[in-house]
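One-letter residues, chain by chain:
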Amino acid sequence: MLEEYIKLNDKEKMLFSKTINKLLNEKYITGEKTEDENYYYYIKTNIKLMNEYLSVINMEVKIKENIKVIELIEENTKKLALSRLNSTILLILRLIYVQKLKELTLQNNIITTSKEIRDMYANFNFEEKLVNNKLLEALKILKRYNIINYTGTDVKKDTFTITIYPTITSVINANDVEELYNKIKEYKEVTNEEAYED
């Protein structure tokens with residue numbers, strides 16, 4: 001491993017270090033996100049060196065070329081640790097992704113709105129109301145991991161748009177709408193039970 005790294009010039013070493021730090025901070029990188037496209041191709045080109053370097057800390061990089069997603073995998077850990085509400089929003093976004101992808105087969109990035117998320121959340125009749133600051137908090141977390149993107153913070157506007165990246169398919173594998181509905185219903189039952197206990 002060191003031999004390959006030693007061969008890099010100072011500029012290449014700096015780029016390598018910057019890319020490793022980005023992976024460690026964000027966990028997912030997508031070639032569908034304009035500002036991450038160069039990182040995606042850099043990792044793809046240097047995958048062997050990246051994995052040799054990361055193996056020291058029991059991590060590895062996996063590439064899903066069909067959807068242009070790179071995932072940093074750590075042995076014996078969960079993918080993401082999210083609260084129940086944030087997990088529910090993630091499941092709703094995944095459901096929106098599946099439904100819209102069927103309509104727009106040529107595009108990997110899916111656009112939705114805060115209104116669509118709130119409407120779908122309301123359709124499941126959760127006891128806990130989805131307030132705007134909680135929705136924004138969940139979106140911030142998902143944005144940090146390159147699962148979604150958005151601009152602005154006025155989530156209460158119905159036109160507030162969110163881009164869902166194909167990285168969401170690495171976080172939640174389910175491609176079946178019915179399976180996603182069932183997962184959301186499971187979350188609903190547990191959440192509603194907790195609401196009655198309080």
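Everything here concerns the structure above.
Conventions we followed
- Here the residue numbering is sequential within each chain, running from 1 through the sequence in written order.
- Local features are withheld for residues below a pLDDT of 70 in this predicted model, meaning they are given only at 70 or higher, and side-chain atom pairs are given and counted only at 80 or more; totals for whole chains, interfaces and linings count all residues.
- Processing note: side-chain calculations cover all non-hydrogen atoms of the structure and skip hydrogens and water entirely.
- Axis definition: a line fit to C-alpha positions, over the contact stretch in the case of helices; interaxial angles, taken between N-to-C directions, run 0 to 180 degrees.
- In DSSP terms, a helix is any run of H or I states spanning at least four residues, a strand is any run of E spanning at least two, and both are numbered starting from the N terminus.
- In this scheme the crossing of two helices becomes right-handed for a clockwise turn of the near helix relative to the far one and left-handed for an anticlockwise turn of less than a right angle.
- A contact between two residues is defined here by any heavy atoms of the two lying within 4.5 Å.
- Polarity classes work like this: nonpolar for Ala, Val, Leu, Ile, Met, Phe, Trp, Tyr, Cys and Pro, charged for Asp, Glu, Lys and Arg, and polar for all others, with Gly in that last group.
- Nonpolar side chains (Val, Leu, Ile, Met, Phe, Trp, Tyr) within 5 Å and like charges within 9 Å form the patches, drawn only from residues with over 30% relative accessible area and no salt bridge.
- Note that accessible areas follow from Shrake-Rupley with a 1.4 Å probe, and for residues the cover is restricted to the protein chains shown.
- Just to be clear on terms, a salt bridge is a Lys or Arg side-chain nitrogen sitting within 4 Å of an Asp or Glu carboxyl oxygen.
- Partly exposed residues are those whose accessible area sits between 20% and 50% of the maximum for their type, while under 20% is buried and over 50% is exposed, using a 1.4 Å probe and protein chains only.
- At least two DSSP bridges between two strands are needed for those strands to be called paired.
- Polar contact is the term for a pair of N or O atoms within 3.5 Å; when the atoms are in protein, one must be able to donate a hydrogen and the other to accept it, and sequence-neighboring residues count only if both atoms are side-chain atoms.

Trainee: Is there a simple way to explain the packing of helix α2 (residues 10–26) against helix α4 (residues 47–55) in this structure?
Mentor: Angle between the axes and distance between the axes: these two values describe a pair of packed helices. Across the interface, α2 lies against α4 with an axial gap of 12 Å and an inter-helix angle of 65 degrees. Handedness of the α2/α4 crossing: right-handed. Residues F16, T19, I20 and L23 of α2 touch α4, and the partners they reach there are L49, M50, Y53 and L54. Residues of the contact of α2 with α4, tallied by class, amount to 7 nonpolar, 1 polar and no charged.

Trainee: Just to check I follow, could you spell out unusual backbone geometry for this structure?
Mentor: With the exception of glycine, the majority of residues adopt a negative phi angle, and the majority of peptide bonds are in the trans configuration. Positive phi outside glycine occurs at N125, with the angle close to 55 degrees. Topologically, N125 is positioned in the loop between α6 (114–123) and α7 (132–144). You will see that N146, though not glycine, has its phi angle at about 60 degrees, which is positive. Among the structural elements, N146 can be located in the loop between α7 and β5 (148–149).

Trainee: Would you explain a nonpolar patch on the surface in this entry?
Mentor: Together, L24, V56 and I57 make up an exposed nonpolar region whose accessible area comes to about 280 Å². The residue V56 is located in the loop between α4 and β2 (59–64) in this model.

Trainee: How should I be thinking about the pattern of salt bridges in this particular structure?
Mentor: Opposite charge on two side chains lets them pair, provided their charged atoms get close. Under the counting rule described, the total for this entry stands at 10 salt bridges. Note that K44 and E65 form a salt bridge whose closest N and O atoms lie 3.3 Å from each other. Here K44 is found in helix α3 (residues 37–45), whereas its partner E65 is found in the loop between β2 and β3 (69–74), with 21 residues between them in sequence. The class for K44 is partly exposed, based on a relative accessible area of 32%. Residues participating in the shared-partner salt-bridge network are K22, E26, K33 and D36.

Trainee: Got a minute to help me understand the sheet that holds strand β6 (residues 161–164) in this structure?
Mentor: Whenever strands of a sheet pair, they do so through backbone hydrogen bonds, lying parallel or antiparallel. The 3 strands are arranged β4-β6-β5 in an open sheet whose pairing can be described as antiparallel. Either end of the sheet is taken by a strand with one partner, and the two such strands are β4 (110–113) and β5. Where β4 and β6 come together, 4 bridges link them in antiparallel fashion. Bridge pairing links T112 to I162 in β6. Contacting β4, β5 and β6, helix α5 (residues 84–103) runs over the sheet at an angle of about 125 degrees to β4.

Trainee: Would you mind going over the environment of N146 with me for this structure?
Mentor: You can call N146 buried: its relative accessible area is 0%. Considering only alpha carbons, one finds N146 and D36, 110 residues apart in sequence, at a separation of 9.5 Å. Not counting residues within four places of it along the chain, the set of residues in contact with N146 comprises E26, Y28, I29, T30, K33, D36, Y165 and T167. For N146, the side chain forms a polar contact with the main-chain oxygen of Y28, separated by 2.8 Å.

Geometric descriptors of this kind do not, in isolation, establish any biological role.
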